[in-house]
Amino acid sequence: MITFLVSIVLLIVAYFTYGKYVEKVFGVKEQRKTPAYTLADGVDYVPMSKNKNSLIQLLNIAGVGPIFGPIMGALYGPIAFLWIVLGAIFAGAVHDYLTGMISLRNKGAHLPDLAGKFLGKAFKHVVNVFALLLLVLVGTVFVSSPAALLGDLTKGWMSVGIWIIIIFAYYILATILPVDKIIGRFYPIFGALLLISAVGIGAALLIQGYTIPELSFQNMHPDNLPIFPLLFLTISCGALSGFHATQSPIISRTTQGECQGRYIFYGMMIAEAIIAMIWAAAAMSIFNGQDLNTLLNTVGTAGIVKEVSVTTLGAVVGTIAVLGVVVLPITSGDTAFRSARMIIADYIGMAQKKASKRFVIAIPMFVISIALTQVDFTILWRYFSWANQSTAAIALWVGAMYLALQKKNFWIAAIPATFITMATFTYIFNAKIGFNLSMQTSYIAAIVVTVIIIIGFFWGLKRKLEAAESGFKPIVLDDGLGTQPAK
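Description of the structure in this document. Quick caveat, the model's predicted, so the values are computed rather than measured. Along each chain, residue indices are assigned from 1 in the same order as the chain's sequence is written. Per-residue local features of the predicted model are confined to residues with pLDDT of at least 70, and side-chain atom pairs are confined, for both listing and counting, to 80 or more; whole-chain, interface and lining totals are unaffected and use all residues. Side-chain calculation: all heavy atoms of the structure are included, whereas hydrogens and water are not.

Our focus in this paragraph is the overall build of the chain. For the chain, the helix and strand inventory stands at 20 helices and zero strands. Radius of gyration here uses only the C-alpha atoms, and the compact-globule reference equals 2.2 Å multiplied by the residue count raised to the power 0.38. A globule of 487 residues ought to have a C-alpha radius of gyration of about 23 Å, and the chain, at 21 Å, matches this closely. Judged by the C-alpha coordinates and their principal axes, the chain covers about 65 × 50 × 40 Å. Each residue gets one of three labels from its accessible area relative to the maximum for its type: buried under 20%, exposed over 50%, partly exposed in between, using a 1.4 Å probe on protein chains only. Taking all 487 residues of the chain together, 57% fall into the buried category. A run of H or I in DSSP counts as a helix once it spans at least four residues, and a run of E counts as a strand once it spans at least two, with each numbered from the N terminus.

Structure below.
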């Protein structure tokens with residue numbers, strides 16, 4: 001119980017301390033005009049209030065990740081709490097803030113364009129592949145998982161297949177219509193359900209006297225799976241998630257001022273971490289590791305979500321809590337497809353003001369996603385975890401380069417970038433879906449690759465600084481539109 005409460009306090013305090021430090025390092029320009037005004041188009045570039053943007057950002061980034069991931073991560077025991085807290089404060093929230101703010105200064109650009117600008121043109125194409133793979137996988141996973149939850153709630157009169165059709169129909173509308181028509185209008189309602197779900201279950205754990213285990217560095221996984229790298233890929237959303245780098249640019253195109261960035265980007269990542277803490281604590285306190293592992297293999301993560309909700313809150317309120325959980329993947333799935341549409345449009349240079357051009361890009365994505373719903377969820381999740389954390393590593397290296405070019409403290413991004421790079425490569429070298437090498441060989445190979453990437457980062461930084469000092473190629477950090485009159 002003490003570990004849980006202290007962790008929540010640390011997360012909240014970090015927003016006012018380390019979050020403020022990261023903001024200071026970045027260097028907010030309060031009077032700078034944002035893309036919401038300089039590029040206003042009534043579709044993607046639409047000024048919205050800080051509170052609305054914050055709620056949308058939270059719902060965008062908080063898919064099933066901060067619930068399903070921590071539930072599966074709970075198998076490792078209380079050490080999962082440590083990753084959620086430290087990961088969120090020093091990696092995830094920094095990742096979200098930097099990607100959101102750098103995008104804000106570059107026409108609301110998505111990660112592929114930012115990678116191309118700050119890491120090299122080749123990275124633009126590589127990151128495009130990673131980002132689109134990640135987004136289509138997310139969109140697909142976030143159709144299947146809420147459909148399974150809703151199908152269980154409506155068993156006997158609405159099948160999972162019907163719910164999949166309904167959710168896809170909603171996703172198409174949310175992808176095509178202007179951001180303020182569906183996403184901006186309905187997210188406050190969805191947010192209320194989210195808060196009821198998270199706060200209700202968290203309060204029930206405390207009031208009903210569940211024993212939340214204290215911090216232990218022991219690996220309690222029933223199958224004795226290694227903590228490194230698996231824990232850091234199992235719990236992504238809630239600690240560090242590359243998916244967030246694909247979502248922040250949606251809000252960077254609707255943010256009214258740079259001074260709102262810490263609240264919107266850093267703050268909402270902290271809020272997501274608190275949600276992850278609640279669900280990890282619920283899984284650990286209600287089930288022991290062996291029972292949890294058995295349930296994961298029988299009723300699945302969605303079944304555990306329902307069991308936790310009904311057990312702690314009762315049938316009626318528990319069902320409302322399940323609906324709050326359903327909201328999370330749906331409000332990330334819709335913006336996953338929206339982000340993919342925007343990334344493709346930016347890549348091929350197709351303006352999105354006309355609805356017909358939005359359909360041209362969106363329809364093929366949905367055809368691919370529908371086909372992927374036939375693939376086993378656990379297989380999709382393994383690929384999602386790898387693509388997700390690989391994207392996070394790239395995003396953090398982009399943030400590190402952006403700060404390094406200004407001779408600011410780039411280590412706030414470079415250190416977590418190094419850590420997750422090592423974890424991601426260890427995983428792909430060892431995993432059956434990767435190279436299937438022994439763990440020892442995977443560690444060695446991952447170290448070698450990570451060192452090469454670090455050397456490449458400093459070599460690239462040195463070249464950029466020397467080119468700027470010689471006058472050959474000046475360093476351009478923003479789009480230059482901040483000083484232009486708003487449209």
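Moving on, we come to a nonpolar patch on the surface. Side chains of I196, V316, V317 and I320 sit close together on the surface and give an oily, nonpolar patch of about 320 Å² of accessible area. Here the nonpolar patch gets three residues from one element, more than from any other, and that element is helix 16 (residues 315-348). Tracing the chain through its elements places V316 in helix 16. Given a relative accessible area of 62%, V316 falls into the exposed group. Only residues whose relative accessible area exceeds 30% and that form no salt bridge are eligible for patches; like-charged ones are grouped when within 9 Å, while nonpolar side chains (Val, Leu, Ile, Met, Phe, Trp, Tyr) are grouped when within 5 Å. Per-residue and other accessible areas were derived by the Shrake-Rupley procedure at a 1.4 Å probe size, with only the shown protein chains allowed to occlude residues. Salt bridges are identified by distance alone: a Lys or Arg side-chain nitrogen within 4 Å of an Asp or Glu carboxyl oxygen.

To continue, consider helix 16. An expected span of 1.5 Å times one less than the residue number is assigned to each helix. Helix length check: helix 16, at 34 residues, gives a terminal C-alpha distance of 50 Å against a target of 50 Å (1.5 Å per residue), a fit within 8%. Across the 34 residues of helix 16, 24 count as buried, placing the element largely inside the fold. The first or second residue beyond helix 16 is G349, which carries a positive phi of 70°.

When two rings of Phe, Tyr or Trp (its six-membered ring) have centres within 6.5 Å they constitute a pair, described as stacked for plane angles under 30 degrees, edge-to-face for angles over 60, and tilted for the intermediate range. Under the definition given, this model contains 24 aromatic pairs. With 5.9 Å between their ring centres and 65° between their planes, F228 and F419 make a pair best called edge-to-face. Separated by 191 residues along the polypeptide, F228 in helix 11 (residues 227-234) and F419 in helix 19 (residues 411-430) bring together distant segments of the chain. The class of F419 is partly exposed, set by a relative accessible area of 32%. Judged by centre distance (6.0 Å) and plane angle (45°), the rings of W411 and F458 are tilted. Taken as a pair, W411 in helix 19 and F458 in helix 20 (residues 439-469) lie far apart in primary sequence, 47 residues in all.

With that settled, the discussion passes to the environment of F81. Mapped onto the elements, F81 comes out in helix 6 (residues 79-104). Relative accessible area serves as the criterion here: at 1%, F81 is assigned to the buried category. Residues F81 and F4 lie 77 residues apart in sequence; the distance between their C-alpha atoms is 7.6 Å. Any two residues whose heavy atoms approach within 4.5 Å are treated as being in contact. Setting aside chain neighbours within four positions, we find F81 in contact with T3, S7, I212, P213, M277, A280, A281 and M284.

Once that is clear, we can look at the packing of helix 8 (residues 121-153) against helix 12 (residues 243-252). To get an axis, fit a line to the C-alpha atoms, keeping to the stretch in contact for a helix; angles then go from 0 to 180 degrees between the N-to-C directions. Remark: helix 8 packs on helix 12, axes separated minimally by 9 Å, with the N-to-C direction vectors making an angle of 90°. One way to sum up the angle between helix 8 and helix 12 is to call them roughly perpendicular. For the pair formed by helix 8 and helix 12, the contact residues are L134, L135 and V138 on the first element and F243, T246 and Q247 on the second. Under the scheme applied, nonpolar residues are Ala, Val, Leu, Ile, Met, Phe, Trp, Tyr, Cys and Pro; charged residues are Asp, Glu, Lys and Arg; polar residues are all the others, including Gly. For the contact of helix 8 with helix 12, the class distribution of residues is four nonpolar, two polar and no charged. Roughly parallel means an angle under 35 degrees; roughly antiparallel, over 145; roughly perpendicular, 65 to 115; everything else is oblique.

On to helix 13 (residues 261-286), then. Between its first and last C-alpha atoms helix 13 spans 37 Å; for 26 residues at 1.5 Å apiece the expected length is 38 Å, and the two agree. Judged by how many residues are buried, helix 13 sits mostly within the fold: 22 of 26 residues are covered.

Moving on to the pattern of salt bridges. By the definition in use, this model includes eight salt bridges. Here E23 makes a salt bridge to R262, at a shortest N to O gap of 3.3 Å. Here R262 lies in helix 13 and E23 lies in helix 2 (residues 18-26), a separation of 239 residues in the sequence. Across the pair, exposure class does not vary: E23 and R262 are buried alike. Of the charged contacts in the structure, one is a salt bridge between E466 and K462, with a shortest N-O distance of 2.6 Å. One end of the pair is E466 and the other is K462, both in helix 20 and four residues apart, which spans about a single turn. The exposure class assigned to E466 is partly exposed, which follows from its relative accessible area of 41%. Each of D44, R338 and R341 takes part in one network of salt bridges that share partners.

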